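What follows is the residue order along each chain.
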Amino acid sequence: MTYRPGRDGIFKTMKKIYIFLRSMTFGLILLGLTAAVSVLGSIIPQNQSAMTYVRGYPSLYPWIFRLQLDHVFTSWYFILLIILLCINLTLCSIIRFHRIRQEDILKRAAGAEASVKLSHEGITRVRAELERMHMHKNVQDGRIIYHKNLPGRYGTFITHLGILFTVIFFALGMVIPKILDESCYPNEAVTLEDGTRIEVKDFHITDEEGKLDYRSVINVILPSGKETGDRELAVNHPVKAGSYKIYQQTYGTVGQISVRDAKGHEDVFYIESQDFLSADGKTGILIDNLYPGLKETENGTELITSTMGRYEDPVYIFMVMENGSTESMLAFPGDTLDVGGYTYTFLDPVEYPGLRIKYSPAWVSWALLAAVLMLTFGLAVTFLFVPAVVTVTDQGYRVMTPKAEGLILRLRSAAADNGNTEVDENA
Amino acid sequence: MLDILFFAGSGLYFAGMLVQFFAQVWKKKVLSKYAWYIFIAGYAAHTAYILARGIQAGRVPMANQFEFAVMFAWGIACILLFLHYRLKLEWITTIAMIMTWAVYLYAALLPREIHELMPALRSVWFVSHIGSAAFAYAAFMLAGASGIRYILLYKKNPKDPKLPEIDYFIYRLIAIGLLLLTVTIVIGAIWAEEAWSSFWTWDPKEVWALITWILYAIYLHLRLGRKKTGVTMAWYAVLSVPVVLFTFIGVNTIMPGLHSYGQ
């Protein structure tokens, strides 16, 4: 084999980079940076309009835009941190798995000498303590090997793999789903791009007991013609239909008006601000707005403009346009008005739901769920099933699993009761 | 009646803490015993208050900042009881009593009216999400308390035989706290998907829960991977407590977000 200094130098550098990428130091640096960047993302409001930052941070906003602090969690450096963390976790998981698989701790324990030397009585006490802990016992070559929770060795591996999958499927879960927010008046429907139709049959903001709640009754008709039937939709209770999930997101209040012509034909319309109700485009009524009520103040009667909560005493503000003149008016539900040969009757406003429609293949959610459960399970195994292996010889004992600190303390305490110990701190 | 139970709990915790303090100053074991009994009485009143409030509200009382603080203090007291009776740990008693009372005192400063549970909180995940958070924070607080105890003992005598045990329990409390915080985050994510359509929304509360999680994950890597123990790690546990408190109090107070109904 010929010596090629240039190439060997590159290999050495690459090996160094590889070792650094898989190292815990690198992992900890990445975690620290992720936390630091997250702090910034929590302090500075995210994904607001540019004007919000210009007004809120007059001297800092150029830096906010330059450093992408207005959308930290989708900035290039945050994404880079997460990609590097994934690389670190992958390499770390592979190494961890090989190390655990190759390590035959029981075999090592069978050949181990005591590191804590004890008298016969001390050994008896230690053994009694180990028996009390319900540890499994093997006798081999004159040594007694106590062990417990050996599968717990896989705990950190499962945890790291769980974090890796969580990050990957979380990222997919942010990219794949398509979200659409739609308002829909009762007895009307929303039709989606693929032909899926969502009909809102009913909506109310109190439950059967009169408690505040937001509930819609919807029917979803999929492009295949399959229907869900009338299903109740409420906060925390989305409705699933095909790859869609429909959420009760917000609600609003809309006015209603009944219009009757001279022949007695009557239609009911939902009315919104700037709606112009007219047969000829000239004569009719122009809706200004619907308000929750009126209140008496020092300056006289004023409109309640806050739209939080229910419209207890609704007021319609509108303009009558007739014969080239306009007149501002107000009306309460039940009031009737004749304009241009039509009779307009203002009705009680109705509440309507704001729906969130999410399209996402089910596997994304299931994969993410499996990943977070894996992470939690890994942590539970790591911390609740700490592997413990102890070799007891006629000289004393040796704890083969340094992470079993509780066991080390217990055995030290049991041995110390004898008052005759010689503790090797390197045990 | 509710207020009587609440203030009885507060008064008894305070009295227990005071007696325990003098027991430590005068080194009287009998006084320490009395302090413990007074603390138990405070815990009984505290538990009775939670039960009575729950019955009156018709739900588990964890729906706002006050109720969470009461549950948080109860979590600290529960873990202290476990450490005292099951593991016979006494070195943590004084500082844990102070922490229980301090969190309870914070609760006393908040409005105590009972409100109907808002629709967003009516979920099967409500109790497990908030309950696990209360116990996770409690474990982190007690880890911090143990850290203070470690530092004080270390300053007196760096070779004190109790130090390895305290160091070990700081690690265990953080490990259990991290596990519970993970459960909190996971359940919260599942709940968020049901309520808001997304598992994660980068809401300030979520971000700070993640920051807390990372902080303690780093601790565990240093402790288990780098074998770092001793006074540095005790300081780490102590200095992490403000982050936990910020996640609990600070975020709800100064950072509006999707979790603001917890105020």
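Thresholds applied
- Residues numbered from 1 in each chain as written.
- Chains lettered and ligands numbered in written order.
- Predicted model: local features only at pLDDT ≥ 70, side-chain atom pairs only at ≥ 80, totals over all residues.
- Helix = DSSP H or I, 4+ residues; strand = E, 2+ residues; numbered from the N terminus.
- Rg over C-alpha atoms; globule rule 2.2 N^0.38 Å.
- Buried ≥ 20, exposed ≤ 12 C-beta atoms within 10 Å, placed from the backbone.
- Contact = placed C-beta atoms within 7 Å.
- Axes fitted to C-alpha atoms, helices over the stretch in contact; angles between N-to-C directions.
- Parallel < 35°, antiparallel > 145°, perpendicular 65-115°, else oblique.
- Left-handed = near helix turned anticlockwise from the far one by under 90°.
- Nonpolar A, V, L, I, M, F, W, Y, C, P; charged D, E, K, R; others polar.
- Core = buried A, V, L, I, M, F, W, Y, C linked by C-beta atoms within 7 Å.
- Domains from an automatic or database assignment.
- Pairing = 2+ DSSP bridges.
- Expected span 1.5 Å × (residues − 1).
- pLDDT = per-residue confidence, 0-100.

Broken down by element type, chain A carries 10 helices and 22 strands. Relative to the globule expectation of 22 Å for 427 residues, the C-alpha radius of gyration of chain A, 36 Å, shows a markedly less compact shape. For chain A, the C-alpha atoms occupy an extent of roughly 110 × 65 × 60 Å along the three principal directions. When the 427 residues of chain A are sorted by exposure, 26% land in the buried category.

Broken down by element type, chain B carries 8 helices and 0 strands. Going residue by residue from the N terminus, the α and β elements of chain B occur as α-α-α-α-α-α-α-α. In chain B, of all internal contacts separated by at least 6 residues, the share reaching a separation of at least 24 is 78%.

This part is about the packing of helix 10 (residues 405-416) of chain A against helix 6 (residues 163-196) of chain B. Relative orientation and spacing of two packed helices are given, respectively, by the angle between their axes and the distance between those axes. At a minimum axis separation of 10 Å, helix 10 of chain A and helix 6 of chain B run at an interaxial angle of 155°. The angle between the axes of helix 10 of chain A and helix 6 of chain B places the two elements in the roughly antiparallel class. Where helix 10 of chain A crosses over helix 6 of chain B, the handedness of that crossing is left-handed. In contact with E405, G406 and L409 of chain A of helix 10 of chain A, helix 6 of chain B contributes P164, E165 and Y168 of chain B. Of the residues that constitute the contact of helix 10 of chain A with helix 6 of chain B, the class distribution is 3 nonpolar, 1 polar and 2 charged.

Residues and elements named next belong to chain A. The residue H134 is located in the loop between helix 7 (120-132) and strand 2 (136-140) in this model. Take H134: there are 8 C-beta atoms within 10 Å of it, and that puts it in the exposed class. Each C-alpha atom of the pair H134 and A262 lies 93 Å from the other, and the pair is 128 residues apart in sequence.

So, about unusual backbone geometry. With a phi angle near 75°, Q274 of chain A is a residue other than glycine that sits in the positive phi range. With respect to the element layout, Q274 of chain A can be found in the loop between strand 11 (266-271) and strand 12 (276-278). A positive phi is found at K27 of chain B, a non-glycine position, where the angle reads about 55°. Note that K27 of chain B resides in the loop between helix 1 (2-26) and helix 2 (29-57). Given 9 C-beta atoms within 10 Å, K27 of chain B falls into the exposed group.

Further remarks concern the nonpolar core. Counting residues in each nonpolar core, the largest one holds 113 residues, and the members touching the most others are F72, I76, A139, L142, I170 and I174 of chain B. Top contributing element to this core by residue count: helix 6 of chain B, with 20 residues. There are two domains that each give this core at least three residues, and those are domain 1 (5-99) and domain 3 (178-252 + 355-371) of chain A. Apart from the residues lying within four places of it in its own chain, the contact partners of F72 of chain B are V103, A134, Y137, A138 and F248 of chain B. In this structure, V386, V392, V399 and L411 of chain A belong to the second largest nonpolar core, which totals 22 residues.

All names here are of chain A. Ordered by their spatial adjacency, 4 strands build an open sheet running 5-6-7-8, and the pairing between neighbours is antiparallel. Where the open sheet ends on each side, the last strands, each with one partner, are strand 5 (189-191) and strand 8 (231-234). When the angles between neighbouring strand axes are averaged without regard to direction, this sheet yields 35°. Of the pairings in the sheet, the one linking strand 7 (residues 212-221) to strand 8 comprises 4 bridges and is antiparallel in character. Across the sheet, the residue bridging to I218 is R231, located in strand 8.

Taken residue by residue, the interface counts 36 residues in chain B and 38 residues in chain A. For the side of chain B that touches chain A, the secondary-structure elements that each account for two or more residues are helix 6 and helix 7 (204-225) of chain B. Here the element with the most residues in the side of chain B that touches chain A is helix 6 of chain B; it accounts for 14 residues.

Quick look at the packing of helix 5 (residues 126-156) of chain B against helix 8 (residues 231-254) of chain B now. Residues and elements named next belong to chain B. Orientation of helix 5 relative to helix 8, taken along the N-to-C sense of each, is 145°, at an axis distance of 8 Å. Of the two possible hands of crossing, helix 5 and helix 8 adopt the one that is left-handed. Listed contacts from helix 8 to Y137, F140, M141, A143, G144, S146, G147, I148, Y150, I151 and Y154 of helix 5 are V231, A234, W235, A237, V238, S240, V241, V244 and F248. Among the residues making up the contact of helix 5 with helix 8, the classes are represented as 16 nonpolar, 4 polar and no charged.

Taking 1.5 Å of rise per residue, 23 residues should cover 33 Å, and helix 9 (residues 362-384) of chain A covers 32 Å from first to last C-alpha, within 8% of that figure. Listed as buried for helix 9 of chain A are L368, A371, V372, L375, T376, G378, L379, V381, T382 and F383 of chain A.

This part covers the sheet that holds strand 12 of chain A. Residue and element names in this part refer to chain A. Pairing within the open sheet is antiparallel, and its 4 strands lie in the order 12-13-16-17. The open sheet has two edge strands, strand 12 and strand 17 (325-331), and neither has a second partner. When strand polarity is set aside, the average angle formed by the axes of neighbouring strands in this sheet is 25°. As paired strands, strand 16 (residues 315-322) and strand 17 are joined by 7 bridges and run antiparallel to one another. Each residue of the ladder has a partner; that of M319, found in strand 17, is S328.

Residues and elements named next belong to chain A. Pairing of strand 12 with strand 13 (residues 284-291) involves 3 bridges; the strand directions are antiparallel. When the bridges of strand 13 are listed, F276 appears paired with L286. Hairpin geometry of strand 12 and strand 13 is characterised by an intervening segment of 5 residues between the two adjacent antiparallel strands and by a positive phi of about 80° at G281.

Moving on, we come to the pairing of strand 2 of chain A. Residue and element names in this part refer to chain A. Judged by how many residues are buried, strand 2 sits mostly at the surface: 0 of 5 residues are covered. Pairing between strand 2 and strand 3 (residues 143-148): 5 bridges, direction antiparallel. The residue bridging H136 from the neighbouring strand is H147, located in strand 3. Once strand 2 ends, the chain turns through 2 residues before running back antiparallel as strand 3, passing D141 with a positive phi of about 50°.

Before going further, it helps to spend a moment on the confidence of the model for chain A. Residue and element names in this part refer to chain A. Per-residue confidence for chain A gives a mean pLDDT of 87; residues scoring 70 or more make up 95%. Here strand 22 (residues 421-422) stands out as the element of chain A with the lowest mean pLDDT, 48, in contrast to helix 2 (residues 24-43), whose mean of 94 is the highest. Note that residues 418-427 has pLDDT below 50 and, in this model, 24 contacts with residues that lie over four places away or in other chains.

Moving on to the environment of D230 of chain A. All names here are of chain A. Mapped onto the elements of the fold, D230 is located in the loop between strand 7 and strand 8. Of the residues examined, D230 has 11 C-beta atoms within 10 Å and is grouped as exposed. In sequence terms D230 and L407 are 177 residues apart; their C-alpha atoms lie 60 Å from each other.

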